[in-house]
Amino acid sequence: MGLWIFRPNRAETDHDRPDEHADKPVHAVGRQPDDVGRVEVVLGDGARVQAYRHEVVLG
């Protein structure tokens, strides 16, 4: 089984996107999307970010 990685879409114009969390391992992904289709992602270091499901990739 591989490791899941957070790879934010850098083409997004949303300046709240935390690029400092790019390429970090993913611990958990929430099930319920928000109004724009993002889910809560818990990273391996405990940080929580909002991400689209396609931004969590097998690394």
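Keep in mind that what you see is a predicted model, and the values were worked out from it rather than measured.

Topic: the nonpolar core
Ranked by size, the top nonpolar core spans nine residues in total: Phe6, Val26, Val39, Val41, Leu43, Ala47, Val49, Ala51 and Val56. Broken down by secondary-structure element, the contributors of at least two residues to this core are strand 3 (38–43) and strand 4 (48–52). It is strand 3 that provides the largest number of residues to this core, a total of three residues.

So, the pattern of salt bridges
A complete count under the given rule lists three salt bridges for this structure. Lys24 is the salt-bridge partner of Asp45, the closest N and O atoms lying 2.8 Å from each other. Note that Asp45 is positioned in the loop between strand 3 and strand 4 and Lys24 in strand 2 (residues 24–29), a separation of 21 residues in sequence. The exposure class assigned to Lys24 is partly exposed, which follows from its relative accessible area of 23%. Across the salt bridge formed by Arg48 and Glu40, the nearest N and O atoms sit 2.9 Å from each other. With relative accessibility at 34%, the residue Glu40 sits in the partly exposed group.

Topic: the pairing of strand 3
Burial runs high along strand 3: five of the six residues are buried. Sheet topology note: the strand 2/strand 3 ladder contains three bridges and is antiparallel. When the bridges of strand 3 are listed, Val29 appears paired with Val41.

Procedures and definitions
- Residues numbered from 1 in each chain as written.
- Predicted model: local features only at pLDDT ≥ 70, side-chain atom pairs only at ≥ 80, totals over all residues.
- Heavy atoms only, no water.
- Core = buried A, V, L, I, M, F, W, Y, C linked by side-chain atoms within 4.5 Å.
- Buried < 20%, exposed > 50% of the residue type's maximum accessible area, 1.4 Å probe, protein only.
- Helix = DSSP H or I, 4+ residues; strand = E, 2+ residues; numbered from the N terminus.
- Salt bridge = Lys/Arg side-chain N within 4 Å of Asp/Glu carboxyl O.
- Pairing = 2+ DSSP bridges.

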